[in-house]
Every structure is written in C-alpha cells, then in structure tokens.
Amino acid sequence: MSVRNGGLPRAYRGRLLTPLAAPDGGAQVRFLEDALLVVGADGLIVQVAPFAPGAFRGPVLDLRPAVLMPGFIDAHLHFPQTRIIGSASGALLDWLDRSVFPEEARFRDEGYAALVAGEFTDRLLASGTTTCVVYSSSCAGATDQLFRALLRAGLRGIAGLTLMDQNCPEALCVPRDEAIAAARDLVQRWHGEGGGLLEFAITPRFAPTCSRPLLEAAARLARDHDLLVQTHVAESPAECEATLREHPWARDYVDVYDRVGLLTGRTLLAHAIHLSPREWDRVAEARSSVVHCPDSNFFLGSGRMRLGDARARAVPVALGSDVGAGRSFDMRRSMSSAFDNALCLGDRLTPSALFVMATQGTADAIGLGRVIGSLEAGKEADFLAVRFPDHVLSDSDLLNHLAFAPETAAIKRSFVRGNPVHPRPPGAPPLIHP
Ligand SMILES: [Zn+2]
C-alpha cells in the first residue's frame, strides 16, 4: 500500500455527513455538527468522532464550515465518450452509430487517447468522484493511457478494454484472440497497481457486438484472475431484439451472459430496464449487481428502470452516470435523475436514500462495500470537503441541496486513501496546517 502523506496520522475538522454501512443495506445517515476525522499513515480511517479540544495530539486541518462526506462512486461511464456528452443523435443504436463509434475510432491514436484521458480524470476530480468503474475503447493503447491517467490523478478506478468482434465498424472490431491477448496483457500490467487502487475489469460492450466464442473466452479470463465483469443489458427494446437475433440459442438477454459464464457474483449489469421477471430472478440467483443509469436513460429515451424489481429480490443497485449518454460527470445529477426516474414509476426516493445509493450502496454493489462508501473507522479515507451556502444547516437541508441543487454545493477538496487528489497542483506542499 502506498503511503504518500508523510507517515503521520492526519486529522480533519468539519461538519460530517456519512451513510453507516448496514448489513440490510438500509439508508441510515449519520450527521455530526462538528467532527474530527482521523486518518492513519496507511490511509485508513482511524476515528470519526464529535470534535473535542485536545483529543487529537497533532495538527488538525480545520475545514469548517465545509461538510466532510464520502467521495462519490460512479459505477458506469465511458472514457472515450468524454468529448461527445450531449450528442442528441437518437436512441441507443442510432446514437452509437452516429456519435459514439466515430469518436471511439479516434482512440486508436494514443496521443489523442492520452489527451482525453487527462480531461476525463480532471472531470471526475472536479465532480467529487473518487472511484470510477469505466469502459475504455476497444484499443489496448487507449486503455493503457486511461490507466496511466487514473494513476497520475490518484483516483481509484476499475477499468476495462471494451470487447467487440462483430456488428461494429471495422475500426473498432478486434478479433477474439487478439482482444483476449490484449486484455490479458493489460491485466498483467495494471490489475492491482497503484497499491491496489487500480483494477482491470472484463468488459464486453454488450451481447450484439460480441460473438459467443468471444464472450466465453472473456468469461474464462475473468474466472482465471477473479476479475469484475461489466457489460450492458436490456437498455433498449431494439437492442434486446438485436441480441436475440444474434444469439438465437439463448432464451432471453440475461441467458446470453448466463450460458457463457459471465453472470456471476462479480458482474455489473448496466441499465437492466427491459428485463422479464425470469431474468430478474436469474440476476438475483447469480448474485450479480445492476447499475442504474437514470440520466442516460432519460437522454436516450431508453425507458425507466424499475428499482422495485431489484429491491424485491435484494439485487444490489449501483449508480452510474453513463457518460457520454449521461449528461454530467457529477453524480449529484445522477442522484437527481434517479429521483425523477422513481417518480415516473410512482415511487418517491428520499434525498437520504439517494445519497446512500451514490456512496455506500454503490460500493456494496461493486464489491468494495467494506473498503469505501462511508466514513467509518477501518475504511479507506476516500472523502470530500463540500462547501454549502451558510443558510444550509440541518442534515435534511444538506441532503436536499446535495441531491437537487448541486450548483450551490462546491467540491472544495477530495482525498483518496488519505491522499489529497483535488486540488493538487504539481509540487504543492502537504495540506496540513499547524
Ligand atoms: Zn454504458
């Protein structure tokens, strides 16, 4: 584990808002009006307690009136779509053809990929995202550049080479053996790097663009290295039809991933809008997670994900921006869209539940619930200092502003494993004030 904070425990004073990890996945939130957050030299949280003068022997960085809270976790976004946010060129399949594939083809140029990778991590940092689960393009060099940028930024990231060997432009199509060899090489180079902050994920784009042999080889590689799997499922009706046309041997969409060995307890299924009760049952049995991408679903007109179907089966739900179909890197925008999505279905999510979803809930769904997602002793210190307007005092007001008025709440600082990652000008001294 890398230690870059000088080897000493550090303490931060501020208001503090955090979910409390609960085994039942409940939405309990703790608020301290004046708190001390102590971080050990190893980047782990040592203590979270009400502030008491003299209780900590050492320098305390006083961040009041900012609110300390866990960093946001974005469980689904696409690095090569950074520059095409807001391309309103149609529903999913048309949007892929018209906006996404031409842009992703540019990532064969590693110089271009490196440039955009820097923009990508800057956008994440400015938004208060400290962990991302991300798709690269199908180009190994671009994926390498993505990992380099994540490492440089000090972010926690799980990233994968997007696998496509059919039904896509020639510039993006990579045959199975070549793609699997490239993925294996990236696993060796990056999985576990950054002191464990970086992981490689097996990333078939979605069933229509992947042959059965490619999906089977991907599943083997995931098993061999115990890797997270991420893919899309049942985002739009036309995509569901294309999937069954391409894979007529499967009984439904989820069955495609299931039969090739990609439906596991380490699988993240993005969107999951048009699933049958049988498919939801299989997702639950396999202990896979779904990633809710409400802002993207609104933008592409894909439909409304029914959270109730997941909840009824205890399927873990992560939240994802799905940039570039999602219109913002800011997870607070996704929280707000999740509220709207639920309202459309007659359900009313509380700001507290939305906050939990974007932090501890997503950490649980991606398998990092014991590591990050809340500010509690023993967890890694991934946290933000957020400045709200002076009149926003109570915890309920803070949560309301966080979810629904993000422009009023500025992300002042971000830390990953106790290390300052934002702002972090080159050569800047440590942030401790005596
Ligand atoms: Zn996506």
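Residues numbered from 1 in each chain as written. Predicted model: local features only at pLDDT ≥ 70, side-chain atom pairs only at ≥ 80, totals over all residues. Heavy atoms only, no water.

(A) Quick look at the overall build of the chain. If you tally the helices and strands in the chain, you get 13 helices and 16 strands. Rg of the C-alpha trace for the chain: 21 Å, near the compact-globule value of 22 Å for 434 residues, within the 12% margin. With the C-alpha coordinates aligned to their principal axes, the bounding extent of the chain is approximately 70 × 45 × 35 Å. Expressed as a percentage of its 434 residues, the buried residues of the chain come to 60%. With the model as given, the accessible surface of the chain reaches about 15,900 Å², and the carbon-plus-sulfur share is 51%. (Helix = DSSP H or I, 4+ residues; strand = E, 2+ residues; numbered from the N terminus. Rg over C-alpha atoms; globule rule 2.2 N^0.38 Å. Buried < 20%, exposed > 50% of the residue type's maximum accessible area, 1.4 Å probe, protein only. Areas by Shrake-Rupley, 256 points an atom, 1.4 Å probe, with all protein chains shown as cover.)

(B) Up close: the coordination of the zinc ion. The zinc ion binds to the protein through His 76 (NE2), His 78 (NE2), His 232 (NE2) and Asp 322 (OD); the donor distances cover 2.0 to 2.5 Å. With four donor atoms in place around the zinc ion and angles of 88 to 168° between them, the coordination shape is irregular. Counting gaps between the donor residues of the zinc ion yields the pattern H-x1-H-x153-H-x89-D. On the criterion of sequence distance, the pair formed by His 76 in strand β5 (residues 72-78) and Asp 322 in the loop between β13 (317-319) and α11 (331-344) is long-range, its members being 246 residues apart. (Donors = N, O, S within 2.8 Å, 3.2 Å for Na, K, Ca; no water. Tetrahedral: all angles 85-135°; square planar, octahedral: opposite > 155°, others 65-115°.)

(C) Quick peek at the domain arrangement of the chain. Taken as a whole, the chain is organised into domain 1 (10-71 + 373-422) and domain 2 (72-365). Each of domain 1 and domain 2 was reduced to a C-alpha centroid, and the two centroids are 29 Å apart. The interface of domain 1 with domain 2 comprises 31 residues on the first partner and 30 residues on the second. Buried surface at the junction of domain 1 and domain 2, summed over both partners, amounts to about 2,300 Å²; 66% is from carbon and sulfur atoms. (Domains from an automatic or database assignment. Contact = heavy atoms within 4.5 Å. Buried area = accessible area lost by both parts, 1.4 Å probe.)

(D) Highlighting the pattern of salt bridges. Evaluation of the coordinates by the stated rule reveals 26 salt bridges. One salt bridge in this structure joins Arg 148 and Asp 144, with 3.0 Å as the shortest N-O distance. Residue Arg 148 and its partner Asp 144 are both found in helix α3 (residues 140-153); the two are separated by four residues, about one turn of the helix. For the salt bridge of Asp 226 with Arg 266, the shortest nitrogen-to-oxygen distance reads 3.9 Å. Highlighted residues: Asp 226 in the loop between α5 (212-225) and β10 (228-233) and Arg 266 in the loop between α7 (253-260) and β11 (267-271), separated in sequence by 40 residues. What makes Asp 226 exposed here is its relative accessible area of 51%. (Salt bridge = Lys/Arg side-chain N within 4 Å of Asp/Glu carboxyl O.)

(E) Highlighting the environment of Gly 154. Among the secondary structure elements, Gly 154 is positioned in the loop between α3 and β7 (156-160). With 82 residues separating them in the primary sequence, Gly 154 and Ser 236 have C-alpha atoms 35 Å apart.

(F) Quick peek at the packing of aromatic side chains. Following the criterion strictly, the structure yields eleven aromatic pairs and no others. Centroid distance Tyr 253 to Tyr 257: 5.7 Å. Interplanar angle 40°. Geometry classified as tilted. Taken together, the residues span about one helical turn, with Tyr 253 and Tyr 257 both in helix α7 at a distance of four residues. According to the relative accessible area criterion, Tyr 253 is buried, its value standing at 3%. Considering the side-chain rings of Phe 339 and Phe 404, the 4.9 Å spacing of their centres and the 65° angle between planes classify their relative orientation as edge-to-face. Residue Phe 339 is found in helix α11, and its partner Phe 404 is found in helix α13 (residues 395-404); the two are separated by 65 residues along the sequence. (Phe/Tyr/Trp six-rings, centres within 6.5 Å; stacked < 30°, edge-to-face > 60°.)

(G) How the structure looks around the packing of α3 against helix α4 (residues 176-190). α4 packs onto α3 with a crossing angle of 20° between their chain directions and a minimal axis gap of 10 Å. In terms of axis orientation, α3 runs roughly parallel to α4. Our pair here, α3 against α4, has a crossing hand that is right-handed. When α3 is examined against α4, the residues Ala 140, Thr 143, Asp 144, Phe 147, Arg 148 and Leu 151 are found in contact with a partner set consisting of Ala 182, Leu 186, Arg 189 and Trp 190. When the residues that make up the contact of α3 with α4 are grouped by side-chain class, the tally is six nonpolar, one polar and three charged. (Axes fitted to C-alpha atoms, helices over the stretch in contact; angles between N-to-C directions. Parallel < 35°, antiparallel > 145°, perpendicular 65-115°, else oblique. Left-handed = near helix turned anticlockwise from the far one by under 90°. Nonpolar A, V, L, I, M, F, W, Y, C, P; charged D, E, K, R; others polar.)

(H) Spotlight on α3. With 14 residues, α3 ought to run about 20 Å at 1.5 Å a step, and its terminal C-alpha atoms sit 20 Å apart, in line with that. A large share of α3 lies buried, amounting to ten of its 14 residues. Restricting attention to buried positions, one finds in α3 the residues Gly 141, Ala 142, Thr 143, Asp 144, Gln 145, Leu 146, Phe 147, Ala 149, Leu 150 and Ala 153. Residues of α3 that are buried sit in contact with α2 (110-127), β6 (129-135), β7, α4, β9 (198-204) and β16 (419-422). Trailing α3 by a residue or two, Gly 154 shows a phi angle of about 80°, which is positive. (Expected span 1.5 Å × (residues − 1).)

(I) Summary view of the sheet that holds β16. Overall, mixed pairing links the seven strands, which are arranged β3-β2-β1-β4-β14-β15-β16 in an open sheet. If you trace the sheet from one side to the other, it starts and ends with β3 (45-50) and β16, each paired once. Taking the axes of each pair of neighbouring strands and ignoring which way they run, one obtains an average angle of 40° across the sheet. Of the strand pairs in this sheet, strand β1 (residues 10-19) and strand β2 (residues 29-39) are connected by nine bridges, and their pairing is antiparallel. Within β2, the position partnered with Leu 17 by the bridge is Phe 31. Across the sheet, helix α12 (residues 351-365) is in contact with β1, β2 and β4 (60-70); its angle to β1 comes to roughly 125°. (Pairing = 2+ DSSP bridges.)

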